[in-house]
Amino acid sequence: MRIGILSDIHANREGFEAALSALRRLGTDRIVLLGDIVGYGADPEYCVETAARLMEDGAIGILGNHDAAIDGSDEDMNRIAREAIRWTRTRLLPEHRAVLKNLAISHRVEDALFVHASASQPAEWFYITDERNAERSLRATDARITVVGHVHRPHLWRLTSQGTATGHAPHQGVENPLAQSQRWLAVIGSAGQARDGRPGAGYGLLDLARRSLTFGRVDYDHYTAARKVREAGLPDQLAERLLRGE
C-alpha cells in the first residue's frame, strides 16, 4: 500500500493543491491528512471542504491542535496563532466545524501509526524536535513506523539498539528504506507553511510494501498565498513566513 501524507495545510489553498497534485502524479492507494487543516492561512473554507471530499473518498483525517482550537481553547497558543484562529472561527460554517470535530486523534494502518504531534500523549501537542521527545514517542507505541506533523520541518528518527533516538533531516525526493528490524519516527514537512528555510509544499509517500518513505517538496504560488493572507487582515508575519519558508 502506498500512502500519501499531507500535514499542516494551514488553510493554504495553493500549497494544498500543489502537494495533493504531486501525490496524485506519484500514485497513492490512500491519503492521510495529518492535522492542522486550518489556522494561519486565508482559505479555511476551501481547505476544510477539500479535506471532507477526500475523506468521503477514503482518506484518513487526523486532528491537529489548530483544528481542535476552532471549538476549543486557544489560550496555549502564541499571539499570532491565536489571532489566526479567532479570524478563522468567523469564516467557518457549522458544517465546516463538524468536519474538524470528527477528525481522529490517531489512526493505524498495518504497522504504521499516524498522529499529529506525538504518540506519547497525542492530545498534548508535544513538538518532536529533540532526542528526548522522539524517544518518548517511539516508546509509547508498538507501531514500527510512527508518522507525525506539527513541527513543519521534515526529520526522520530511528530507535537504536541502545534505546536512544537518532535522526537527520532527510533529502527531498529520495526513497528512505525503513528496515523491518528497527522502529522509525517520521516528521513530515508542512504542505501549507514550511519552516525549513525555503518555500514549498511538503508531503510524504509511505510505501508499506517496499518499507520505504519518501519526503517530497513541490513549488507552489506562495506569492499568491501570502498576498491573500495580507488581504484577509491576518498578521503580516504569516505572509512573511510563506515567502521565506521559515
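Here we summarise the structure given alongside this text. (Residues numbered from 1 in each chain as written. Predicted model: local features only at pLDDT ≥ 70, side-chain atom pairs only at ≥ 80, totals over all residues. Heavy atoms only, no water.)

## Brief notes about the sheet that holds strand E3 (residues 60-61)
Paired through backbone hydrogen bonds, the strands of a sheet run either parallel or antiparallel to each other.
Moving on, step 1. Taking strand neighbours across the sheet as the criterion, the 6 strands line up as E3-E2-E1-E11-E12-E9 in an open arrangement whose pairing is mixed. Both edges of this open sheet fall to E3 and strand E9 (175-177), since each of them pairs with a single strand only.
Moving on, step 2. In terms of strand pairing, E9 meets strand E12 (residues 212-218) through 3 bridges, oriented antiparallel. Of the residues in E12, the one forming a bridge with Asn176 is Leu213. (Pairing = 2+ DSSP bridges. Helix = DSSP H or I, 4+ residues; strand = E, 2+ residues; numbered from the N terminus.)

## Things to note about the packing of helix H7 (residues 222-231) against helix H8 (residues 236-244)
Two quantities define a packed helix pair, namely the angle between the axes and the distance from one axis to the other.
Moving on, step 1. Where H7 meets H8, the axes come as close as 8 Å, and the angle between the chain directions of the two elements is 180 degrees. Accordingly, the angle class assigned to the pair H7 and H8 is roughly antiparallel. When H7 is examined against H8, the residues His222, Tyr223, Ala225, Ala226, Val229 and Arg230 are found in contact with a partner set consisting of Asp236, Leu238, Ala239, Glu240, Leu242 and Leu243.
Moving on, step 2. When the residues that make up the contact of H7 with H8 are grouped by side-chain class, the tally is 8 nonpolar, 1 polar and 3 charged. (Axes fitted to C-alpha atoms, helices over the stretch in contact; angles between N-to-C directions. Parallel < 35°, antiparallel > 145°, perpendicular 65-115°, else oblique. Contact = heavy atoms within 4.5 Å. Nonpolar A, V, L, I, M, F, W, Y, C, P; charged D, E, K, R; others polar.)

## What to know about the sheet that holds strand E8 (residues 165-168)
Moving on, step 1. Read across the open sheet, the 6 strands follow the order E4-E5-E6-E10-E7-E8; overall the sheet is mixed. Edge positions in the open sheet fall to strand E4 (106-109) and E8, since each of these has one partner strand only. Recorded for the sheet is a direction-independent mean angle of 20 degrees between the axes of neighbouring strands.

## Some details on the layout of surface pockets
Moving on, step 1. Taken as a whole, the largest pocket encloses approximately 330 Å³ of empty space.
Moving on, step 2. The wall of the largest pocket is formed by 20 residues, among which Asn65, Asp76, Met77, Trp125 and Tyr127 lie closest to the centre.
Moving on, step 3. Broken down by element, the lining of the largest pocket gets its largest block of residues, 4 residues, from helix H3 (residues 65-69).
Moving on, step 4. Classifying every residue of the lining of the largest pocket gives 7 nonpolar, 8 polar and 5 charged. (1 Å grid on protein atoms, 1.4 Å probe; cavity = no way out; pocket = protein on both sides within 12 Å on 5 of 7 lines; lining within 4 Å. Points joined across faces, edges and corners; volume = space filled by probe spheres on them.)

## Considerations on the pattern of salt bridges
Moving on, step 1. One pass over the structure, following the stated rule, counts 20 salt bridges.
Moving on, step 2. Here Asp43 ties to Lys228 by a salt bridge, and the two come within 2.7 Å at their closest N and O atoms. Of this pair, Asp43 sits in the loop between strand E2 (30-33) and helix H2 (44-56) while Lys228 sits in helix H7; the two residues are 185 residues apart in sequence, bridging distant segments of the chain. Lys228 shares its class with Asp43; the two are buried.
Moving on, step 3. A salt bridge links Arg217 to Asp196; the nearest nitrogen and oxygen atoms lie 2.4 Å apart. Of the two residues, Arg217 sits in strand E12 while Asp196 sits in the loop between strand E10 (183-187) and strand E11 (201-207), which places them 21 residues apart along the sequence.
Moving on, step 4. Three or more residues are tied together by salt bridges with common partners; here these are Arg230, Asp236, Glu240, Arg244 and Glu246. (Salt bridge = Lys/Arg side-chain N within 4 Å of Asp/Glu carboxyl O. Buried < 20%, exposed > 50% of the residue type's maximum accessible area, 1.4 Å probe, protein only.)

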